[in-house]
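This is what each chain is made of:
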Amino acid sequence: GAVVSQHPSWVICKSGTSVKIECRSLDFQATTMFWYRQFPKQSLMLMATSNEGSKATYEQGVEKDKFLINHASLTLSTLTVTSAHPEDSSFYICSAATSGSSYGYTFGSGTRLTVV
Amino acid sequence: QKEVEQNSGPLSVPEGAIASLNCTYSDRGSQSFFWYRQYSGKSPELIMSIYSNGDKEDGRFTAQLNKASQYVSLLIRDSQPSDSATYLCAGLKSGGGNKLTFGTGTQLKVEL
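Source: prediction; values computed, not measured.

Draft legend 1. Structural view of the overall build of chain A. From N to C terminus, chain A includes zero helices and 11 strands. Of the regular secondary structure in chain A, the N- to C-terminal order runs β-β-β-β-β-β-β-β-β-β-β. In terms of overall dimensions, chain A is globule-like: its C-alpha atoms have a radius of gyration of 13 Å, near the 13 Å expected for 116 residues. Taken over the C-alpha atoms alone, chain A extends approximately 40 × 25 × 20 Å along its principal axes. Each of the 116 residues in chain A was classed as buried or not, and the buried ones make up 50%. Long-range contacts, defined as pairs at least 24 residues apart, comprise 54% of the intrachain contacts of chain A with a sequence gap of at least 6. When the accessible surface of chain A is summed, it comes to about 5,500 Å², and 53% of that surface belongs to carbon and sulfur atoms. Charged side chains of chain A number 9 positive and 8 negative; the gap between the two group centres comes to 5 Å.

The structure is reproduced here in structure tokens:
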């Protein structure tokens with residue numbers, strides 16, 4: 001089945017620094033990837049849709065200049081949290097789909113970000 | 001009104017019993033539905049998908065979809081302690097940019 005690799009699995013950073021999270025589709029090409037954020041005891045909130053070769057589409061309320069998304073190839077999307085603050089501490093998860101697929105998107109293992 | 005709604009639980013069932021998880025949705029444009037299981041601190045894993053009215057069975061799991069009533073359910077037979085997790089219902093709207101809309105999840109506890 002489809003496998004999505006995400007790393008790092010956890011990261012601790014200082015306030016004001018930037019953190020990059022990678023999401024790779026290992027055995028399929030993902031024209032579209034999705035980035036979610038999940039706070040404790042809450043559901044997944046979609047942050048943005050990442051499309052290969054084009055700009056990401058951000059959900060309402062998500063700062064595109066703070067959460068930089070790059071989808072430069074069919075197998076790699078990155079999320080960079082810039083100038084991180086403690087309130088950005090969360091569980092970030094990516095998922096991937098092929099074009100037109102509705103089989104049920106595969107999720108990466110998630111990245112636990114802690115900003116101190 | 002949320003697009004996908006679930007009872008947050010916790011839903012407690014004894015080991016070996018049937019666990020019934022329910023989900024309702026508001027957008028009739030939603031065509032496909034998915035059940036994910038999420039253990040604490042982990043990312044969601046797909047259990048089942050369902051696109052047509054009726055039942056779909058896979059091992060101990062049965063998904064049910066009723067588009068007229070706009071509800072989706074997941075039955076877990078012979079529940080095991082390892083089934084204890086949060087179950088997320090998600091809907092996919094046709095033409096909606098292939099974005100999944102998640103419910104808040106139902107916490108299931110299977111007790112010995």
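Draft legend 2. Spatial organisation of empty space enclosed by the protein. Residue and element names in this part refer to chain B. One pass over the full model with this rule turns up one cavity of 30 Å³ or more. Around the largest cavity sit Glu3, Val4, Tyr25, Ser26, Asp27, Ser30, Gly91, Lys93 and Thr101, which together line it. Each residue belonging to the lining of the largest cavity can be placed in one class, and the counts come to two nonpolar, four polar and three charged.

Draft legend 3. Seen up close, the state of the cysteines. Throughout the structure, instances matching the rule amount to two disulfides over all chains. The partner cysteine of Cys23 of chain A in its disulfide is Cys94 of chain A, sulfur to sulfur 2.0 Å. Torsion about the S-S bond of the Cys23 of chain A and Cys94 of chain A cystine: about 85°, corresponding to right-handed handedness. Residue Cys23 of chain A is found in strand 3 (residues 19-25), and its partner Cys94 of chain A is found in strand 9 (residues 90-97); the two are separated by 71 residues along the sequence. Here Cys23 of chain B engages in a disulfide with Cys89 of chain B; their sulfurs sit 2.1 Å apart. Residues Cys23 of chain B and Cys89 of chain B are joined by a disulfide whose S-S torsion is about -70°; by sign, that bridge is left-handed.

Draft legend 4. Examining the packing of aromatic side chains more closely. All names here are of chain A. In this structure the tally under the stated criterion is nine aromatic pairs over all chains. A centroid spacing of 5.4 Å and a plane angle of 20° characterise the contact between Phe34 and Tyr105, whose relative ring orientation is stacked. With Phe34 in strand 4 (residues 32-38) and Tyr105 in the loop between strand 9 and strand 10 (106-107), the pair connects residues that are 71 residues apart, well separated along the chain. Here the aromatic rings of Tyr36 and Phe107 are separated by 5.6 Å at their centres, their planes lie at 45°, and the arrangement is tilted.

Draft legend 5. Expanded view of the side chain of Ser25 of chain A. All names here are of chain A. With respect to the secondary-structure elements, Ser25 resides in strand 3. In terms of polar contacts, Ser25 uses its side chain to reach the backbone carbonyl oxygen of Phe28, at 2.7 Å. In contact with Ser25, not counting residues within four places along its chain, are Val3, Ala30, Met33, Leu74 and Thr75.

Draft legend 6. Examining the pattern of salt bridges more closely. For the structure on display, the rule yields six salt bridges over all chains. Among the ionic pairs, Lys66 of chain A bridges to Asp88 of chain A, the shortest N-O distance being 2.8 Å. In this pair, Lys66 of chain A sits in the loop between strand 6 (57-58) and strand 7 (67-73) while Asp88 of chain A sits in the loop between strand 8 (76-81) and strand 9, placing the two residues 22 residues apart along the sequence. The residues Lys66 of chain A and Asp88 of chain A share a single accessibility class, namely buried. For Asp83 of chain B, the salt bridge identified is with Arg60 of chain B, shortest N-O distance 2.9 Å. Of this pair, Asp83 of chain B sits in the loop between strand 8 (71-76) and strand 9 (85-93) while Arg60 of chain B sits in the loop between strand 6 (54-58) and strand 7 (61-66), and the two are 23 residues apart along the sequence. With a relative accessible area of 1%, Asp83 of chain B lands in the buried category. Taking the relative accessible area as the measure of exposure, Arg60 of chain B reaches 28% and is therefore partly exposed.

Parameters at a glance
Residues numbered from 1 in each chain as written. Chains lettered and ligands numbered in written order. Predicted model: local features only at pLDDT ≥ 70, side-chain atom pairs only at ≥ 80, totals over all residues. Heavy atoms only, no water. Helix = DSSP H or I, 4+ residues; strand = E, 2+ residues; numbered from the N terminus. Rg over C-alpha atoms; globule rule 2.2 N^0.38 Å. Buried < 20%, exposed > 50% of the residue type's maximum accessible area, 1.4 Å probe, protein only. Contact = heavy atoms within 4.5 Å. Areas by Shrake-Rupley, 256 points an atom, 1.4 Å probe, with all protein chains shown as cover. Lys, Arg positive; Asp, Glu negative; His and termini not counted. Charge placed at Lys NZ, Arg CZ, Asp CG, Glu CD. 1 Å grid on protein atoms, 1.4 Å probe; cavity = no way out; pocket = protein on both sides within 12 Å on 5 of 7 lines; lining within 4 Å. Points joined across faces, edges and corners; volume = space filled by probe spheres on them. Nonpolar A, V, L, I, M, F, W, Y, C, P; charged D, E, K, R; others polar. Disulfide = S-S within 2.5 Å. Phe/Tyr/Trp six-rings, centres within 6.5 Å; stacked < 30°, edge-to-face > 60°. Polar contact = N/O pair within 3.5 Å; in protein donor to acceptor, adjacent residues only side chain to side chain. Salt bridge = Lys/Arg side-chain N within 4 Å of Asp/Glu carboxyl O.

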